[in-house]
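So the chains spell out like this:
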Amino acid sequence: QGSSLQVAPMKPRARALARGAQLFAGLIGYPSHGHSLGRLGGFRSTATVSALGAASQRLRDAVKSKEVTATIAAEADAPINRSAVLERLGHELRESDDTMEVMLLGNPLPSDRKMATFQTPTAPEGGSPKRTVHVALPNVEDISKVISERREQKLAVPKADELVKILDKYLSEEFLGKSAEHVAMLTAWGPKAIADSEGEFCEVAALMRLSLAAYQATLQANTSDFQFEVARAGEGRDCLVMPPSNFALLGIKDTFHMLLKGFRVLLIVQPRFFPHFREIQLSLSSCGLPDGLVEVLPGITPEADPAVLHEALKHVDRLQFTGSSQMFKSLVLKAIELGNTRMEHAGEVSGLNKVRLNGVSASHPAVARGTAWAAMANNGELCTSASLVEFDPALDTVEAVKGALLEAEAAFKAGRDPADDSLDILLRDGKAQQLEVKTEKEGFREWWEKTILASPQEQVKLQTNQSLGHCIYAPSIEKALEGVTEEASNLYFVGVPADTLAPSARAGTTGAKLPESTFGGMKSYTYAVAGDHDGVGTIQTIFDNTRRRGASWRDQEEAFAQYELTEVAEMLLEFLSPRDQQTFSRQISNVLEIFKAFAPEVTEPYAGQGLVNAEGRSQLVTLLALKPSRKHFLIPRGVGLPEDIVKMAALCAMSPLKEVPADLHLLDAAQAGKLRVTDPLKSFVKVVEKNLKWRIHYHSDVAELGSALEQAEHPPYFFCIKDRHMLPTEVLKAVALQGGYFYEGLPSDAFSLFRSMTATQAWTVSCTTDQLKEAEEQLLKSWHSKGLREDPHEEPEIIKPKSREMDIGGGFGDTGIPTSDDKWDELSDDSESDDETKDVKGTPSETSEKPTSGS
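Computed from a predicted structure; not experimentally measured. (Residues numbered from 1 in each chain as written. Predicted model: local features only at pLDDT ≥ 70, side-chain atom pairs only at ≥ 80, totals over all residues. Heavy atoms only, no water.)

A. Structural detail: the overall build of the protein chain. From N to C terminus, the protein chain includes 25 helices and 32 strands. For the protein chain, buried positions account for 57% of its 855 residues. Here the analysis covers contacts within the protein chain between residues at least 6 apart in sequence; of these, 79% occur between residues at least 24 apart. When the accessible surface of the protein chain is summed, it comes to about 35400 Å², and 50% of that surface belongs to carbon and sulfur atoms. (Helix = DSSP H or I, 4+ residues; strand = E, 2+ residues; numbered from the N terminus. Buried < 20%, exposed > 50% of the residue type's maximum accessible area, 1.4 Å probe, protein only. Contact = heavy atoms within 4.5 Å. Areas by Shrake-Rupley, 256 points an atom, 1.4 Å probe, with all protein chains shown as cover.)

Here is the structure:
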């Protein structure tokens, strides 16, 4: 256009076809070049919000708004019929000798199988157990059969909309509708106090509702907003689920979520949990879940043949585990040794947790009672139970702390009768009968008992990268919140009054309540979370079946956001091809829109532990802080510069969070006297090292890489890996031992990118009603100062594609081409039209424009 090129005249039909081609090119939206983020030619800004931003906000509000949270909490916390609990509890503890059938693919295990015999762990009035149960244990052939036959039969989880109905029916009718029966089963077989059983039940009910709500919201968005769709990574695959020995219902929570992901589930449980899980299996079937999708087998017992579990590890596609970190690591290592290097693995594991006293004395009644309960709750068997209390040596001595905690123990009622619903702690054989406060640091570890070590600050070097829960007591909420930089998954803050007789809130390392809070979300920060586990109740977990839809014609009609690139991001995108620079800059804007929609907010107050010096309960307010995931990247020699790593670097440069420097490992790159790397990798390394503060590690061989990973301060999580199963065994084992993980490739959609870039840390203030306003203000202040980047992005420009001019050529559906057979001769006219004459004379017509590249 604008040149002296003369364009030959076009006949009417040819002109109509050209007009259609031009309009089609406009629909595709060929990009102009340049680096303004996501800018495309021919667009104008008219909308006030992007289509993706609005849809993301609706998706978030459908699951995590304050109103929905209150609804889920009310459902999960609905009063449980204590009379019905006691009636079912009596039935479970009755005097009997029973043999329970173990079913496998609809058939009972043969009678010649090895048997496991167990009794109820407790009895009425705390007496000797009277009920004995026998169950058959599966052998290696049974495990091989269940996995192979389900694959051969191509047994599949129902389609998404049908599965939602089945699981919703189960949750509403068979779980929540039979709450008393589940609580009684937990109390009998856990065993635990009725109050603890109710707490476990309510938490798991809320978790399942959150997972289901996110799934339903995604299905709804797929037909209304057209922005999101369900992604089931487990289709046609098998998942081994293993619950912990002290929190049985986490097994059904994991089963529920794995079904939503499309997995067939093999649930191997402790024999004493088998009666409960057998009922759950039958209930799922009665709600319409096809037989064979959930198989329940007893097997976590010293009586079982270890080869049985090994056979499962050899063949399953995923391991979903809750329990001790050592057990989890041993299972993953065994799978690697057996050659199952493709197995996905996720572990919610145990941690070393502490209470820290900053400027307050352990003699304060709120401090003493909260710390004592942190060690005693659930017999000290929680993975968040406190193992250490760090006191201020200027205010306390070891003996003073010990005395204060033992005195506080009297505030809690312990007993042996499981039917006594007033108990705080259910005592049982094989467990300590009272709190033990240790004063010598030798032998410090996870106690799994009502035991805690009292130590002056800094004497025991326990960093919170070992923790799930961490509690800080201070003279004020503001002072306590200085601890938001700690790395435990759940942080609790209490500002106690100077007057020890004044009403005060309390907290400990336990007590994360769902749906208001989350649990175990600090993947890549703490060794208490391992493998592909994003935590319990976090947005990264409940939305892991959600992805942003692929490219669509809607992209050419919907408003989209355009953020301005930072200089560093521009430099990084230069390492991509011009085409990828344009498309990925648009993707960055999409990711930032999702960040904006899921920005943290402070919850409404909810009930915590009892107040001290007053009636009522402490008030908890939580901010679910988004944290940047800690990232490792690996580039073997001869690979060059992977584009996926460049893209992740650009995302880090544009992240709204206060990013943590990544670790870039270059394998076989250290060569004496020679250039380690060449361009473009050399230039890329300079950019990320200088501007993003990435740490660059040169490793001469695999052994050196493995040794370095074993010394890592945090679990090594690798992103953008190609063919994880092809990595050297030494590297796979080193990462498994450290609780890390390898993620293959880079997600192709904005929502999955957002999930991969983030972790969730729960910041919870425990306070009195009078402190609520201060708590909210201080949480938000801490979030803005400690959580967000120092130079925030400007608000984006919202770009709206121009509407199609439907009158061109009679509209897109009317090209001007005659449709009746008798008028085709009109398309061939030997005489020149007026328009054609003008074209010849040099007057530019619309069809004489220079073709857009690619049209």
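Right, picking up where we left off after that structure.
B. Representation of the packing of aromatic side chains within the structure. Taken as a whole and judged by the stated rule, the model has 20 aromatic pairs. On the numbers, 4.6 Å between centres and 15° between planes, the contact of Phe 175 with Phe 201 is stacked. Placement of the pair is Phe 175 in helix α6 (residues 160–175) and Phe 201 in helix α8 (residues 194–224), with a sequence separation of 26 residues. Judged on exposure class, the residue Phe 175 and its partner Phe 201 are both buried. Aromatic rings pair up to connect Phe 228, Phe 543, Phe 595, Phe 598, Phe 751 and Phe 754 into one cluster. The ring of Phe 226 carries the charged tip of Arg 554 above its face, separated from the ring centre by 3.7 Å. It is Arg 586 that lies over the ring of Phe 560; its NZ or CZ is 3.6 Å from the centre. (Phe/Tyr/Trp six-rings, centres within 6.5 Å; stacked < 30°, edge-to-face > 60°. Lys NZ or Arg CZ within 6 Å of the ring centre and 35° of its normal.)

C. How the structure looks around the nonpolar core. By size, the foremost hydrophobic cluster in this structure holds 238 residues, and its most contacted members are Phe 175, Leu 240, Leu 319, Leu 572, Phe 684 and Trp 694. With 15 residues, α8 is the largest single contributor of residues to this core. If near-sequence neighbours (up to four positions away) are discounted, Phe 684 is found in contact with Leu 572, Phe 575, Leu 641, Ile 645, Val 646, Ala 649, Leu 664 and Trp 694. Counting 6 residues, the second largest nonpolar core, distinct from the first, contains Leu 352, Leu 453, Val 460 and Leu 462. (Core = buried A, V, L, I, M, F, W, Y, C linked by side-chain atoms within 4.5 Å.)

D. Main features of the sheet that holds strand β19 (residues 469–474). Strand order in the open sheet made by the 9 strands is β17-β18-β14-β13-β19-β20-β31-β25-β24, with mixed pairing throughout. Every other strand in the sheet has two partners, leaving β17 (436–438) and β24 (606–610) as the edge strands with one partner each. In this sheet, adjacent strand axes meet at a mean angle of 25° when their direction is disregarded. Here strand β13 (residues 353–357) pairs with β19 via 4 bridges, running parallel. Opposite Leu 357, over in β19, you have Tyr 473 as the bridge partner. Across the sheet, helix α24 (residues 772–787) lies against β25 (617–628) and β31 (758–767), angled at about 10° from β25, the strand it touches most. (Pairing = 2+ DSSP bridges. Axes fitted to C-alpha atoms, helices over the stretch in contact; angles between N-to-C directions.)

E. Just the side chain of Gln 609, in detail. With respect to the helices and strands, the residue Gln 609 is situated in strand β24. Of the polar contacts made by the side chain of Gln 609, one reaches the side chain of Arg 506; its length is 2.3 Å. The residues touching Gln 609, leaving out its near neighbours within four places in the chain, are Gly 370, Trp 373, Arg 506, Ala 507, Gly 508, Arg 617 and Ser 618. (Polar contact = N/O pair within 3.5 Å; in protein donor to acceptor, adjacent residues only side chain to side chain.)

F. The arrangement of the side chain of Ser 283 in detail. Topologically, Ser 283 is positioned in helix α10 (residues 274–286). Judged by its relative accessible area of 14%, Ser 283 falls in the buried class. In contact with Ser 283, not counting residues within four places along its chain, are Tyr 170 and Glu 174.

G. Examining the packing of α6 against helix α9 (residues 250–260) more closely. Their axes nearest at 10 Å, the elements α6 and α9 cross at an angle of 160°. As far as their axial angle goes, α9 and α6 are roughly antiparallel. Here α6 and α9 pass one another in a crossing that is left-handed. Contacts between α6 and α9 pair Leu 163, Leu 167, Tyr 170 and Phe 175 from the former with Ile 252, Phe 256, Leu 259 and Leu 260 from the latter. A class-by-class count of the residues in the contact of α6 with α9 yields 8 nonpolar, no polar and no charged. (Parallel < 35°, antiparallel > 145°, perpendicular 65-115°, else oblique. Left-handed = near helix turned anticlockwise from the far one by under 90°. Nonpolar A, V, L, I, M, F, W, Y, C, P; charged D, E, K, R; others polar.)

H. Looking closely at the sheet that holds strand β9 (residues 264–269). The 6 strands lie next to each other as β10-β9-β8-β11-β12-β21, forming an open sheet whose pairing is mixed. Among the strands making up the open sheet, the edge pair consists of β10 (294–298) and β21 (529–531). Ignoring which end each strand starts from, the neighbouring axes of this sheet average 15° apart. Summarising the sheet, β9 and β10 pair through 5 bridges and their orientation is parallel.

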